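# Per-entry structural report
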Amino acid sequence: MHGVWRCGSHALPLARALVMGIVNVTPDSFSDGGANYDPCIAAASAESMLAAGADIIDVGGESTRPGAGEITPSEELARVLAVVRDAVALGAVVSIDTRHAEVASACVAAGSAIINDVSGFSDPAMVALAASCEAGLVVMHMQGDPRIMQDEPRYGDVVADVAAYLSAQAMRLEAAGVAHERIAVDPGIGFGKTTAHNLELLRRLPEIVALGYPVLVGASRKRFIGEITGVSEPRQRLAGSLAATLESVGRGAAVARVHDVAETVQALAVARAIREGAGE
Ligand code: HH2
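What you see as residue numbers is a count from 1 along each chain, following the sequence as written. With the structure being a predicted model, the display of local features is reserved for residues of pLDDT at least 70 and the display and counting of side-chain atom pairs for 80 or more, all residues being used for whole-chain, interface and lining totals. Only hydrogens and water are set aside when side-chain values are computed; all heavy atoms of the structure are taken into account.

### Topic: the sheet that holds strand 3 (residues 18-24)
By definition, the strands of a sheet pair up through backbone hydrogen bonds, in either a parallel or an antiparallel sense. Taken together, 8 strands build an open sheet; the order of strands is 8-7-6-5-4-3-10-9 and the sheet is parallel. One side of each edge strand has no neighbouring strand; the edge strands of this open sheet are strand 8 (183-186) and strand 9 (216-217). Sitting on the sheet, helix 1 (residues 39-51) touches strand 3 and strand 4 (56-60), and the angle it makes with strand 3 is about 165 degrees. Strand pairing is assigned whenever DSSP identifies at least 2 bridges connecting the two strands. Elements are defined by DSSP. Helices are runs of H or I of four residues or more, strands are runs of E of two residues or more, and each kind is numbered from the N terminus. Contact between two residues is taken to exist if any of their heavy atoms lie within 4.5 Å; hydrogens are not considered. Under this scheme, a helix contributes an axis fitted over its contacting stretch, all axes are lines through C-alpha atoms, and angles between N-to-C directions fall in the 0 to 180 degree range.

Next up, the structure:
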């Protein structure tokens, strides 16, 4: 199954995996230590990720790091809006990473083509917004919320539970009038999951792919990589992140959400050439 992911005026082809570059306009992201908190630096990061081959730029203004505090939607919007505008002006397919309908709505009006909601469109205001626009949607699974999600997460069968949730949320969006081709799903690596849960989700990713939506995986620099390897500094987890991306794409992931775009593009090109004999 290939087809396209419809995101506003863009129809993103799914014949090869797409790379989504992460721009966190936050002071406290676990993964980059706040390197892109200054909007000018964030816009420059977006530009270099595009030059390195990013298909999508994901802009976020709220850290969802386990235990992170919440900020108001207006503070979040003040962080992201200029960066979204700059990235749109560069011609990027821009995704807004937010749980707040008010932030998503303003960013879609500013040209964002994708709403990436780590709370899985559980807020009716997000569903209403999704139904009222043409943006692509990322429906992510999270158990609990960022403040408490790592306090002893429990599942019956983690893959079956996550798949059932994603399917129900996607059907809810479709029932509200959202076209199937606008929806992508994401198992939410690290969101209310132990290392064993994350590994099981990645190993059995084809069961999520079988739902019939493009699957996005965000494993880049995450804590489970540190737990497996003993590497405690997130910025030192590139090699582990590449391994997770290649294993995910090999199991059918359509989109890789990553910090290190150039390295990911290179790794995916080689893996694809080996699989398909399609070297450049
Ligand atoms: N992970 C993070 C944030 N947003 N969105 C999707 N769809 N999937 C993910 O796995 C995902 C996400 C957390 O990572 P990061 O943005 O690097 O860190 P922080 O939340 O601390 O800013």
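### A short note on the nonpolar core
The term nonpolar core refers to a set of buried residues drawn from Ala, Val, Leu, Ile, Met, Phe, Trp, Tyr and Cys, joined through side-chain atoms within 4.5 Å. The cut-offs for exposure are 20% and 50% of the maximum accessible area for each residue type, with area from a 1.4 Å probe on protein chains only; residues under the lower value are buried, those over the upper are exposed, and the others partly exposed. Counting residues in hydrophobic clusters, the biggest one holds 64 residues, and the most contacted among them are Ile-115, Phe-121, Leu-173, Ile-183 and Ile-208. In terms of residue count, helix 5 (residues 158-175) provides more of this core than any other element does, 7 residues in total. Residues contacting Ile-208, with those up to four places away along its chain left out, are Val-159, Val-162, Ala-163, Leu-166, Val-185 and Val-215. One finds Leu-14, Ile-56, Val-93 and Val-255 within the second-largest nonpolar core, a separate group that totals 15 residues.

### Notes on the site of the ligand
As a matter of local geometry, the ligand sits amid 19 residues, with Ser-29, Thr-64, Asn-116, Asp-186 and Lys-222 nearest to it. N or O atoms within 3.5 Å of each other form a polar contact, as long as, within protein, one can give a hydrogen and the other can take it, and as long as residues adjacent in sequence are counted only when both atoms are side-chain atoms. In the environment of the ligand, an oxygen atom lies 3.1 Å from a nitrogen or oxygen atom belonging to the side chain of Asn-24. Surface accessibility in these figures is a Shrake-Rupley result with a 1.4 Å probe; residues are shielded only by whichever protein chains are displayed. Taking 480 Å² as the accessible area of the ligand by itself, protein coverage stands at 98%. A molecule or strand has a residue near it when one of that residue's heavy atoms lies within 4 Å.

### Examining the packing of helix 3 (residues 101-109) against helix 4 (residues 124-132)
Running from N to C, helix 3 and helix 4 cross one another at 20 degrees; their axes reach a closest spacing of 9 Å. As judged from the angle between their axes, helix 3 and helix 4 are roughly parallel. As for how helix 3 packs across helix 4, the hand of that crossing is right-handed. Contact with helix 3, carried on its side by Ala-101, Ala-104 and Ser-105, involves Ala-125, Met-126 and Leu-129 of helix 4 and no other residues of that element. Gly counts as polar in this scheme, as do all residues outside two lists: the nonpolar Ala, Val, Leu, Ile, Met, Phe, Trp, Tyr, Cys and Pro, and the charged Asp, Glu, Lys and Arg. Tallied by class, the residues present in the contact of helix 3 with helix 4 amount to 5 nonpolar, 1 polar and no charged. Throughout this description, any angle smaller than 35 degrees is read as roughly parallel, any larger than 145 degrees as roughly antiparallel, any in the 65 to 115 degree range as roughly perpendicular, and the remainder as oblique. Helix crossings are classified by the rotation of the near helix relative to the far one: an anticlockwise turn of less than a right angle makes the crossing left-handed, while a clockwise turn makes it right-handed.

### Brief notes about unusual backbone geometry
For Glu-152, which is not a glycine, the phi torsion comes out positive at approximately 50 degrees. As for its placement among the helices and strands, Glu-152 is situated in the loop between strand 7 (136-140) and helix 5. In this model, Arg-221 sits at a positive phi of 60 degrees, which is unusual for a non-glycine residue. Assignment of secondary structure puts Arg-221 in the loop between strand 9 and helix 8 (223-229).

### Quick notes on the environment of Arg-147
The topology assignment puts Arg-147 in the loop between strand 7 and helix 5. For the pair Arg-147 and Arg-65, spaced 82 residues apart in sequence, the C-alpha to C-alpha distance is 8.4 Å.

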